[in-house]
Amino acid sequence: MPKTVRSIFLSLLVLLSMGPALMAADLPTPVTDVDYHPVDADQAALGQLLFYDKILSGNRNIACATCHHHKHAGSDALSLGIGEGGKGLGPERVFSEPGNTQNRRVPRHSPALFNVGAREFTTLFHDGRVSMAPSDASGFNTPAEEFLPASLATVASVQALFPMLSAVEMTGQTSENPVARALLRRQDYAWAVLVERIRTTSGYAPLFRDAFPDIEKPDDISITHIANAIGAFVNSEWRSDESPFDAYLRGDQAALDVSAKRGLELFYGKGGCVACHSGKFQTDHDFHAIAMPQFGPGRTRMFDPVARDQGRINETDSRDDAYKFRTPSLRNVAVTAPYGHTGAYGTLDAVVRHHLNPVAAFKAYDPAQAILPSNPRLAQVDFLVFDNAAEQAAIPAASELDPIDLTDPEVADLIAFLHSLTDKTGQKGRLGAPKSVPSGLPVDD
Ligand code: HEC
Ligand code: HEC
């Protein structure tokens, strides 16, 4: 081939390989049924009741739903919530006894639970401390280690066991109830006390019998059944794959308006969002440091000099993981404010702009935007970490995100795209909130 012809040919090849601005290959393929764990309907229906029943908390005063309520898209609309010792729901939640010195905030933001039942969700919590681990005898890696019961169906079942063991979330104080006292001795002893409560609440036995073939009498009910029922509910309730974005991926070009389409191009192109928010649910299920502002009690490790939360390092003990948190899925993100592992930002605009220059945004963060149930005693310590020079330097220094220049109209387009991830069916849930629960305890509504 003559040289000039060859170079024309080569430049043509280069041009062709660059293709249009956005290659179809960058977009995920549409979500389908096989992406999800199969769910038994009877187990999910039982799980719905357990999820809303305060009987699983030490003091019978808080349920899973208190922090993951249907009214608040599976979360609580607070930056940091109140678990044990609180009353009311969502933004109205307050400490029952404001002067009680045991009162503490939940250290991290309560996440919405959309698509947790998709098979690709194998790691849960902001720091990933519960995960599937096929090489482990139980199949999972968890803080319960050898005390984790066998035969847990999915990672959602496993996760359900841990709020029941958290003093600040559901257990309460040892001075208050036998669940907390049992927990002091061993984690599985606390579960045993809760199992006994369920066995002796007459309404539950027939439901367990219908849902699980290996249960004949109340004594057959185990913590595994309880966890698997809750897991079945969580896995099916908030499946969410009917947003305009899903319709677009399935071929309906008109599902997105022009602004959302430009936002999609930015998200999967120049905006660089897809580097972390990748795949069918806009998460790589990996951990990244992006300098999210921190406040509240933190999740401290032994010898921590200040109330802080170093995220993934808590699980791996690797310095490289300091201040990394799990990339959240962005499904229904427009209805799940506030954002970040402390719920630092109240609007999509603010959290997207944080990504454009994390270090500058971290330094400029105004604590007044945190949504924290008021408490004069805690208010004095909530933002102490802002006065700690070492921490204020370490968080931005760990950030992996390079600043990126986007114009205001581009940010608006990105936000229009994020709105196209809202799925009204998924947001509502499948079974919704029950009117009453077998224990007869009041249901949050
Ligand atoms: C006091 C509030 C509170 C209660 C009660 C509570 N949760 Fe949560 N939930 C949270 C917070 C906060 C997190 C994040 C914790 C972390 O990452 O360290 C979370 C995380 C989760 C996750 C992981 C989601 C993800 O994407 O990582 C699931 C699933 C979940 N909760 C289900 C439940 C179930 C089931 C119950 C009842 C057995 C329950 N929660 C009770 C606040 C609560
Ligand atoms: C380097 C990885 C990375 C990139 C790139 C990235 N994000 Fe994020 N994003 C994260 C992580 C990690 C969090 C959660 C941080 C935390 O909680 O501390 C997050 C949080 C968010 C949230 C809040 C979600 C919630 O439920 O709290 C939104 C919205 C968001 N990102 C949108 C975007 C957009 C839009 C882009 C592109 C402009 C982008 N992200 C680029 C890693 C990334």
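Residues numbered from 1 in each chain as written. Chains lettered and ligands numbered in written order. Predicted model: local features only at pLDDT ≥ 70, side-chain atom pairs only at ≥ 80, totals over all residues. Heavy atoms only, no water.

1. Quick word on the coordination of the iron atom of ligand 2
(1) Moving on: Protein ligation of the iron atom of ligand 2 involves His277 (NE2) and His355 (NE2), the donor distances falling in the range 2.1 Å.
(2) Moving on: Metal-centred angles of 85 to 180 degrees between the six donor atoms at the iron atom of ligand 2 mark the site as octahedral. Residue His277 is located in the loop between α11 (258–267) and β6 (287–288), and its partner His355 is located in helix α13 (residues 348–356); the two are separated by 78 residues in the primary sequence.
(3) Moving on: We classify His355 as partly exposed; its relative accessible area is 26%. (Donors = N, O, S within 2.8 Å, 3.2 Å for Na, K, Ca; no water. Tetrahedral: all angles 85-135°; square planar, octahedral: opposite > 155°, others 65-115°. Helix = DSSP H or I, 4+ residues; strand = E, 2+ residues; numbered from the N terminus. Buried < 20%, exposed > 50% of the residue type's maximum accessible area, 1.4 Å probe, protein only.)

2. Overview of the site of ligand 2
(1) Moving on: Looking at ligand 2, there are 21 residues lining it, with Cys273, Cys276, His277, His341 and His355 nearest.
(2) Moving on: Here an oxygen atom of ligand 2 and a side-chain polar atom of His341 are 2.6 Å apart.
(3) Moving on: One of the side-chain N or O atoms of His355 is found 2.8 Å from a nitrogen atom in ligand 2.
(4) Moving on: The leading source of residues in the shell around ligand 2 is α13, at three residues. (Near = heavy atom within 4 Å. Polar contact = N/O pair within 3.5 Å; in protein donor to acceptor, adjacent residues only side chain to side chain.)

3. Quick notes on the coordination of the iron atom of ligand 1
The reference angle at a metal is 109.5 degrees if four donors form a tetrahedron and 90 or 180 degrees if six donors form an octahedron.
(1) Moving on: One donor from the polypeptide reaches the iron atom of ligand 1: His68 (NE2), at 2.0 Å.
(2) Moving on: If you trace the backbone, His68 turns up in the loop between α3 (64–67) and β1 (86–87).

4. Description of the site of ligand 1
(1) Moving on: What surrounds ligand 1 is a group of 24 residues, the closest being Cys64, Cys67, His68, Phe125 and His126.
(2) Moving on: At a separation of 2.8 Å, an oxygen atom of ligand 1 approaches a polar side-chain atom of Arg129.
(3) Moving on: Here an oxygen atom of ligand 1 and a side-chain polar atom of Arg326 are 2.7 Å apart.
(4) Moving on: If you list the elements that add at least two residues to the shell around ligand 1, you get α3, α4 (155–160) and α5 (167–171).
(5) Moving on: For the shell around ligand 1, the per-class residue count stands at 14 nonpolar, six polar and four charged. (Nonpolar A, V, L, I, M, F, W, Y, C, P; charged D, E, K, R; others polar.)

5. Examining the pattern of salt bridges
(1) Moving on: Applying the stated criterion across every chain, the model contains 21 salt bridges.
(2) Moving on: We note a salt bridge from Asp35 to Lys280, for which the minimum N-O separation is 3.0 Å. Here Lys280 lies in the loop between α11 and β6 and Asp35 lies in the loop between α1 (3–18) and α2 (41–52), a separation of 245 residues in the sequence.
(3) Moving on: On the accessibility criterion, Asp35 (17% relative accessible area) is buried.
(4) Moving on: Across the pair Asp188 and Arg186 runs a salt bridge whose closest N-O atoms are separated by 2.7 Å. (Salt bridge = Lys/Arg side-chain N within 4 Å of Asp/Glu carboxyl O.)

6. Considerations on the nonpolar core
(1) Moving on: Formed by 53 residues in total, the largest nonpolar core has its most connected members in Leu50, Phe51, Leu56, Ile198, Phe208, Ile226 and Ile230.
(2) Moving on: At the level of secondary structure, the elements contributing two or more residues to this core comprise α2, α3, α4, α6 (178–185), α7 (187–199), α8 (204–211) and α9 (223–237).
(3) Moving on: Counting residues per element, this core draws most heavily on α9, at seven residues.
(4) Moving on: If near-sequence neighbours (up to four positions away) are discounted, Ile230 is found in contact with Gly47, Leu50, Phe51, Leu56, Ala160 and Met164.
(5) Moving on: Residues Phe245, Ala260, Cys273 and Val352 belong to the second largest nonpolar core, which totals 36 residues. (Core = buried A, V, L, I, M, F, W, Y, C linked by side-chain atoms within 4.5 Å. Contact = heavy atoms within 4.5 Å.)

7. A few points about the side chain of Ser259
(1) Moving on: Along the chain, Ser259 turns up in helix α11.
(2) Moving on: Relative accessible area serves as the criterion here: at 18%, Ser259 is assigned to the buried category.
(3) Moving on: Polar side-chain contacts of Ser259 include one of 2.7 Å to the side chain of Asp413.
(4) Moving on: Look past the residues within four positions of Ser259 in its chain and what remains in contact with it is Ala412, Asp413 and Ala416.

8. Some details on the domain arrangement of the protein chain
(1) Moving on: The assigned domain composition of the protein chain is domain 1 (37–75 + 110–240) and domain 2 (244–425).
(2) Moving on: Taken residue by residue, the interface counts 17 residues in domain 1 and 19 residues in domain 2.
(3) Moving on: The junction of domain 1 with domain 2 conceals about 1600 Å² of combined surface from both sides, 50% of it contributed by carbon and sulfur atoms.
(4) Moving on: When the buried surface of domain 1 facing domain 2 is broken down by residue, Glu120, His126 and Asp127 rank first, second and third, together holding 35% of it.
(5) Moving on: In this structure, the connection of domain 1 to domain 2 is made through zero salt bridges.
(6) Moving on: Linking domain 1 with domain 2 are eight residue pairs in polar contact (both at pLDDT 80 or more). (Domains from an automatic or database assignment. Buried area = accessible area lost by both parts, 1.4 Å probe.)

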